[in-house]
Every structure is written in C-alpha cells, then in structure tokens.
Amino acid sequence: SNSNSIVGQAGHTSSAAKLCLDLVSGGQSDWYLPSIQELNMLWNNYYTVARALSQISGATQLSNSTYWSSSEYIDNYAWYFSFGFGYTGYNNKNNTYCVRAVRAF
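Values in this document were obtained by computation on a predicted structure and should not be read as measured data.

Draft legend 1. Quick peek at a nonpolar patch on the surface. A surface patch of nonpolar side chains, about 290 Å² in accessible area, is lined by Tyr73, Ile74 and Tyr90. Looking at the secondary structure, you find Ile74 in strand β1 (residues 66-74).

In structure tokens form, the structure reads like this:
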C-alpha cells in the first residue's frame with residue numbers, strides 16, 4: 001500500500017515506487033517497493049535469500065548497496081536501508097540510491 005500511496009500523490013511523475021509498480025519481470029507484474037521493515041527482513045535473512053535467488057534464472061542478487069524503501073519519513077524524506085552495514089536512515093528523496101523491487105513474501 002505504501003507504493004500505491006506514493007504514486008497517488010499529487011504531482012507525482014516518477015519515483016522508486018513507480019519503477020517497482022511498473023516492473024514486469026519473470027512474467028510477473030505484482031512488484032512493489034518494499035517498506036523499511038521488509039528490507040530489514042531481507043537483510044536479516046540475507047544468506048537464505050541469496051541462496052534462493054541463486055536458484056532462479058535471471059534473478060539479481062542483493063548487493064552491499066543502499067536501497068530506498070517505501071516508508072516515508074516526512075514529505076521530502078524517505079527511509080533507506082544499507083545492506084553493506086545493516087543500518088537504516090532517512091534522506092531527501094532527491095538522493096540517488098538503489099531500488100529493489102519485491103513481490104509479496
């Protein structure tokens with residue numbers, strides 16, 4: 001619901017959430033931008049997720065990058081998750097971070 005809320009904001013033209021909602025990959029079109037809690041769950045289960053992704057043809061592995069979440073902090077700020085260090089923070093939405101689309105899990 002976070003991704004849909006972001007895209008539904010007045011004047012919205014593009015965002016990490018829109019990229020995820022528009023994604024069609026592996027024949028699936030139900031992708032979305034994960035919340036900060038979901039990114040934390042992925043990090044806490046990093047090796048299990050990496051092992052599962054390695055079994056899927058064409059799947060991209062998680063990297064030690066910083067990823068945007070769909071959890072907003074205030075109007076112009078959103079939460080991010082650093083997979084390199086396992087911490088969260090928030091920053092201006094104009095900053096560039098990686099985007100990881102997920103499906104319900």
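Draft legend 2. Just the packing of aromatic side chains, in detail. In this structure the tally under the stated criterion is twelve aromatic pairs. The interplanar angle of 75 degrees and the centroid separation of 6.5 Å between the aromatic rings of Tyr80 and Tyr87 together place this pair among those described as edge-to-face. Of the residues examined, Tyr80 reaches a relative accessible area of 13% and is grouped as buried. Residue classification places Tyr87 among the partly exposed positions, given a relative accessible area of 39%. Residue placement shows Arg103 over the ring face of Trp31; its charged tip is 5.9 Å from the ring centre.

Draft legend 3. A look at the sheet that holds strand β2 (residues 77-82). Across the sheet, which stays open at both edges, the three strands sit in the order β1-β2-β3 with antiparallel pairing between neighbours. Each of the sheet's edge strands pairs with one partner strand only, and the pair in question is β1 and β3 (87-92). Neighbour to neighbour, the strand axes of the sheet diverge by 35 degrees on average, direction disregarded. Where β2 meets β3, six bridges bridge the pair, whose relative direction is antiparallel. Residue pairing for β3: Tyr77 is matched across the bridge by Asn92.

Draft legend 4. Geometry of helix α3 (residues 36-44). Considered for burial, the residues of α3 that qualify are Ile36, Glu38, Leu39 and Leu42. The buried side chains of α3 occupy one side of the element, clustering within an arc of 160 degrees when seen end-on. Exposed and oriented more than 90 degrees from the buried face of α3 are Gln37 and Asn44. Elements that come into contact with the buried residues of α3 comprise α4 (46-54), β1, β2 and β3.

Calculation criteria
- Residues numbered from 1 in each chain as written.
- Predicted model: local features only at pLDDT ≥ 70, side-chain atom pairs only at ≥ 80, totals over all residues.
- Heavy atoms only, no water.
- Patch = residues over 30% accessible without salt bridge, like charges linked within 9 Å, V, L, I, M, F, W, Y side chains within 5 Å.
- Areas by Shrake-Rupley, 256 points an atom, 1.4 Å probe, with all protein chains shown as cover.
- Salt bridge = Lys/Arg side-chain N within 4 Å of Asp/Glu carboxyl O.
- Helix = DSSP H or I, 4+ residues; strand = E, 2+ residues; numbered from the N terminus.
- Phe/Tyr/Trp six-rings, centres within 6.5 Å; stacked < 30°, edge-to-face > 60°.
- Buried < 20%, exposed > 50% of the residue type's maximum accessible area, 1.4 Å probe, protein only.
- Lys NZ or Arg CZ within 6 Å of the ring centre and 35° of its normal.
- Pairing = 2+ DSSP bridges.
- Axes fitted to C-alpha atoms, helices over the stretch in contact; angles between N-to-C directions.
- Arc of directions from axis to C-beta.
- Contact = heavy atoms within 4.5 Å.

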